[in-house]
Amino acid sequence: MLKEERQHYILEQIKFKRKVLSSELSIELNVSEDTIRRDLNDLSSKGLIKKVHGGALPLNNKALSYEERSNYNLKEKNIIAKKAVNLIKDGQVIIMSGSTTNLQLAKIIPSNINATIYTYSLPIALQLTEHPSIEIIFIGGKLYKPAQVTIGLDVVSSISQLRTDLCFMGTEGINVSSGMTEPNWEVSHIKKCMISASDKVIVLCTKSKINKIKRYAVAPIHKIDTIITNSDPTDALFSNFKENGITIL
C-alpha cells in the first residue's frame with residue numbers, strides 16, 4: 001500500500017471510529033508502528049488530525065450522524081447480512097437490535113418469508129415496512145436520537161415479556177474472557193433482556209469488533225450461539241470462540 005493510500009485509510013478510520021491506535025493500525029496495514037507514527041506525524045503537521053500518545057483523534061469532535069455510520073464499512077456489513085439472512089425461516093419470531101448491520105439485513109429478507117420481527121430501532125422498523133409479509137412490532141420508549149433507537153424501562157419491560165426464536169444483535173466488542181460488552185449502560189441492559197428472551201443468539205459484527213472489550217458487560221460468551229463476521233470462518237482469530245462451542249459464519 002502506498003503512503004497516500006495508508007494515510008487515506010487512517011483518515012477514514014479516524015472519521016468513523018473517532019480514535020485510532022498506532023498498534024492496531026500497524027496490524028491492519030501490515031506495516032511497522034514506526035511507519036504509522038510517521039504517517040500520523042505527517043497528517044498532524046498538515047492540520048488533518050490531532051496526534052496523541054499512542055494514536056490520533058479527529059480535530060472535529062462532532063459525533064457522526066446515523067446515516068454516516070450506516071454507510072461506514074458498508075461492504076463488510078453487506079457480507080455479514082448475506083450470511084445472516086440464510087438463518088431466517090418462515091414462521092419465526094425474531095428480535096433485532098439497532099445495529100447498522102441489522103439495517104442491511106432488514107433490506108435483504110426475501111419477500112416470500114413470513115415472520116414476526118420485534119425491534120426498538122426506528123430505521124429498521126421503517127425499512128421493514130417495505131417487506132410484503134413481515135409483521136413488525138416496534139418497541140416504544142424514549143428515543144435516543146444519535147442511534148435512532150428507543151431506550152429506558154419501557155423497552156426493557158416489553159422485551160422481558162417476549163419469547164423469540166432468534167436474536168440478531170450487533171456489538172461493539174466481544175471476546176472469550178469478557179463475553180459481549182457495550183460502551184452504553186442503557187443499551188447493555190436492553191441487550192441482556194434480548195438474550196434472555198431468545199432461544200438462539202446471533203451476533204453480527206465486523207472483524208474489528210472481535211476481541212474488543214467495552215465498559216459494560218452484556219453476557220458471558222456461553223450465552224452466544226453464533227457469531228457472523230465479514231471474515232473467513234477458518235481464520236485463527238476465531239479458534240478460542242470455536243473451543244467454547246460457538247458457531248462462526
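As shown above, the structure is provided for reference.
Structural notes, computed from the coordinates. (Residues numbered from 1 in each chain as written. Predicted model: local features only at pLDDT ≥ 70, side-chain atom pairs only at ≥ 80, totals over all residues. Heavy atoms only, no water.)

**Describing the pattern of salt bridges**
- On inspection of all chains with the given rule, the structure shows 10 salt bridges.
- Taking the shortest distance from any N to any O, the salt bridge between Asp42 and Lys46 comes out at 3.6 Å.
- A residue is classified by how much of its surface remains accessible, and Lys46, at 51% relative accessible area, is exposed.
- With a shortest N-O distance of 3.2 Å, Arg163 and Asp199 are connected by a salt bridge. A residue pair is termed long-range when its members are at least 10 positions apart, and Arg163 in the loop between helix H8 (153-160) and strand E9 (164-170) and Asp199 in strand E12 (residues 198-204) qualify at 36 residues.
- Several salt bridges share partner residues, and in doing so they unite Lys3, Asp42 and Lys46 into one network. (Salt bridge = Lys/Arg side-chain N within 4 Å of Asp/Glu carboxyl O. Buried < 20%, exposed > 50% of the residue type's maximum accessible area, 1.4 Å probe, protein only. Helix = DSSP H or I, 4+ residues; strand = E, 2+ residues; numbered from the N terminus.)

**Notes on the sheet that holds strand E3 (residues 55-57)**
- If you trace the three strands from one edge of the open sheet to the other, you get E1-E3-E2, paired in antiparallel fashion. Bordering the open sheet on either side are strand E1 (20-21) and strand E2 (50-52), each of which pairs with just one other strand.
- The pairing of E1 with E3 spans two bridges and is classified as antiparallel. When the sheet's bridge partners are listed, Val20 is paired in E3 with Ala56.
- Sheet strands in contact with helix H3 (residues 33-45) are E2 and E3, and its direction is about 140° off that of E2. (Pairing = 2+ DSSP bridges. Contact = heavy atoms within 4.5 Å. Axes fitted to C-alpha atoms, helices over the stretch in contact; angles between N-to-C directions.)

**Describing the sheet that holds strand E15 (residues 247-248)**
- On the basis of which strands lie adjacent, the open sheet formed by seven strands has the order E6-E5-E4-E9-E12-E14-E15 and parallel pairing. Both outer strands of the open sheet, strand E6 (134-138) and E15, are each paired with one neighbouring strand and no more.
- Across three bridges, strand E4 (residues 93-96) lies against E9 in parallel orientation. Along E9, the bridge assignment pairs Ile95 with Cys167.
- Across the sheet, helix H6 (residues 100-107) is in contact with E4, E9 and E12; its angle to E9 comes to roughly 125°.

**Quick look at the pairing of strand E5 (residues 115-119)**
- Where burial is concerned, most of E5 is hidden: five out of the five residues are buried.
- As paired strands, E4 and E5 are joined by four bridges and run parallel to one another. Bridge pairing in E5 links Ile95 to Tyr118.
- Running through H6, the crossover from E4 to the neighbouring parallel element E5 is right-handed.
- Direction of pairing for E5 relative to E6: parallel, over a ladder of five bridges. Residue Thr119 lies in a different strand from E6, and its bridge partner there is Phe138.
- With helix H7 (residues 122-128) bridging E5 and its parallel neighbour E6, the resulting β-α-β unit is right-handed. (Right-handed = clockwise from strand over helix to strand, strands pointing away.)

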